[in-house]
Amino acid sequence: MHPGALDKLRQYDTATVCNVIDLFEVRPRNRGFMRQRVKAAFPDLPPMVGFASTVTCRTVTKPPDCQLPIVPDLISRWDELDGPAVVVMQNLDAHGAAAIFGDVLCHSFAAFGATGLVTDGQGRDFAGIASLGLPVFCAGIVCAHGYMHLLTLHEAVQVGGIAVQPNTLLHGDANGVTTIPGDIAADVADVCAEYVEAEAVVIAAAQTEAANLAALRAAYADMAGRIAKLNARLRKRGGSA
């Protein structure tokens with residue numbers, strides 16, 4: 001994907017990106033986004049945009065005697081991606097209490113250009129991670145790492161209630177994390193501005209000192225009309241903005 005499209009996507013929040021994806025009607029509206037258990041650890045950071053570098057891990061049991069992948073092995077796979085990496089870590093121990101990442105892992109990932117980390121597990125060392133400005137999405141915080149070890153690299157994972165394939169485009173911010181279908185990603189980036197303009201009609205009507213129900217009804221109708229026209233245009237052009 002052209003870097004310019006990624007730059008455009010970074011200008012918009014994840015809720016807007018989800019709204020625009022819905023207009024293309026390429027997937028059900030209740031699919032493709034991670035559930036609320038996966039939350040932004042640093043919600044004030046700008047949106048995260050990047051391609052999934054997937055990994056599975058465990059913390060409850062000791063690692064087997066055979067040689068297992070380590071963090072440098074994962075980073076070495078990033079040339080397989082279509083752009084900057086977002087590390088997506090599935091915790092295979094559903095009831096594991098230990099952390100699967102901390103400041104050592106995050107500094108390692110950031111040093112090689114990662115744009116984020118997403119996991120259904122817990123993390124630690126958040127004070128040491130904060131200075132990186134690296135968006136992190138996880139299920140909580142805990143002090144110890146248990147028997148943390150990696151198992152598989154760049155295979156499909158299940159995180160936040162959805163399947164994530166290697167190289168899936170992800171967008172995340174304080175609202176949560178969503179996948180973006182690759183065949184419409186560039187068009188989504190182009191259409192976000194129009195969607196924001198449509199919503200701004202209602203926001204402006206609500207913020208005026210002379211706000212009244214008649215004006216608000218008219219604003220909602222205007223917004224709905226703009227979005228409907230945008231939806232029809234995208235469907236007519238087969239998803240091309």
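A short tour of the structure in this document, coming up. (Residues numbered from 1 in each chain as written. Predicted model: local features only at pLDDT ≥ 70, side-chain atom pairs only at ≥ 80, totals over all residues. Heavy atoms only, no water.)

## Quick notes on the overall build of the chain
Stage number 1. Looking only at helices and strands, the chain features seven helices and twelve strands.
Stage number 2. With the C-alpha coordinates aligned to their principal axes, the bounding extent of the chain is approximately 70 × 40 × 30 Å.
Stage number 3. Contacts spanning at least 24 positions in sequence make up 78% of the contacts within the chain whose residues lie at least 6 apart.
Stage number 4. Approximately 11900 Å² of the chain is accessible, and the part contributed by carbon and sulfur atoms is 54%. (Helix = DSSP H or I, 4+ residues; strand = E, 2+ residues; numbered from the N terminus. Contact = heavy atoms within 4.5 Å. Areas by Shrake-Rupley, 256 points an atom, 1.4 Å probe, with all protein chains shown as cover.)

## A word on the side chain of H171
Stage number 1. Looking at the secondary structure, you find H171 in strand 11 (residues 169–173).
Stage number 2. At a separation of 3.2 Å, a polar atom in the side chain of H171 contacts the main-chain carbonyl oxygen of Y12.
Stage number 3. A distance of 2.9 Å separates a polar atom in the side chain of H171 from a polar atom in the side chain of T14.
Stage number 4. Those residues in contact with H171, other than ones at most four positions away along the chain, are L9, Y12, D13, T14, V17, P47, M48, V49, G176, V177, T178 and I180. (Polar contact = N/O pair within 3.5 Å; in protein donor to acceptor, adjacent residues only side chain to side chain.)

## Here we look at helix 6 (residues 185–207)
Stage number 1. Compared with an ideal rise of 1.5 Å per residue, which puts 23 residues at 33 Å, helix 6 spans 32 Å between its outermost C-alpha atoms and is within 8% of the ideal.
Stage number 2. Its maximal kink placed at V191, helix 6 deviates by approximately 35°.
Stage number 3. Buried-residue contacts for helix 6 involve helix 1 (3–9), helix 2 (14–24), strand 11, strand 12 (176–180) and helix 7 (213–236). (Expected span 1.5 Å × (residues − 1). Bend = angle between axes of the 7 residues up to and from the residue.)

## Description of empty space enclosed by the protein
Stage number 1. A full pass over the atoms with the stated rule returns one cavity of 30 Å³ or more.
Stage number 2. Its volume calculated, the largest cavity comes out at about 50 Å³.
Stage number 3. Taken together, A40, A41, F42, P43, L45, P46, P135, V136, F137, G172, D173 and A174 form the lining of the largest cavity.
Stage number 4. Among the elements of the structure, strand 7 (136–138) and strand 11 are those that each provide at least two residues to the lining of the largest cavity.
Stage number 5. Tallied by class, the residues present in the lining of the largest cavity amount to ten nonpolar, one polar and one charged. (1 Å grid on protein atoms, 1.4 Å probe; cavity = no way out; pocket = protein on both sides within 12 Å on 5 of 7 lines; lining within 4 Å. Points joined across faces, edges and corners; volume = space filled by probe spheres on them. Nonpolar A, V, L, I, M, F, W, Y, C, P; charged D, E, K, R; others polar.)

## As for the layout of surface pockets
Stage number 1. The computed volume of the largest pocket comes to approximately 270 Å³.
Stage number 2. Along the wall of the largest pocket there are 17 residues; nearest its centre are I100, F101, L105, H145 and M148.
Stage number 3. If you list the elements that add at least two residues to the lining of the largest pocket, you get strand 4 (99–101), helix 4 (103–111) and strand 8 (149–153).
Stage number 4. Roughly 210 Å³ of volume is contained in the second largest pocket.
Stage number 5. Taken together, 15 residues form the lining of the second largest pocket, with F33, M34, N175, G176 and V177 sitting closest to its centre.
Stage number 6. Those elements that place two or more of their residues in the lining of the second largest pocket are helix 2, strand 1 (39–40) and strand 12.
Stage number 7. Partitioning the lining of the second largest pocket into residue classes produces eight nonpolar, five polar and two charged.

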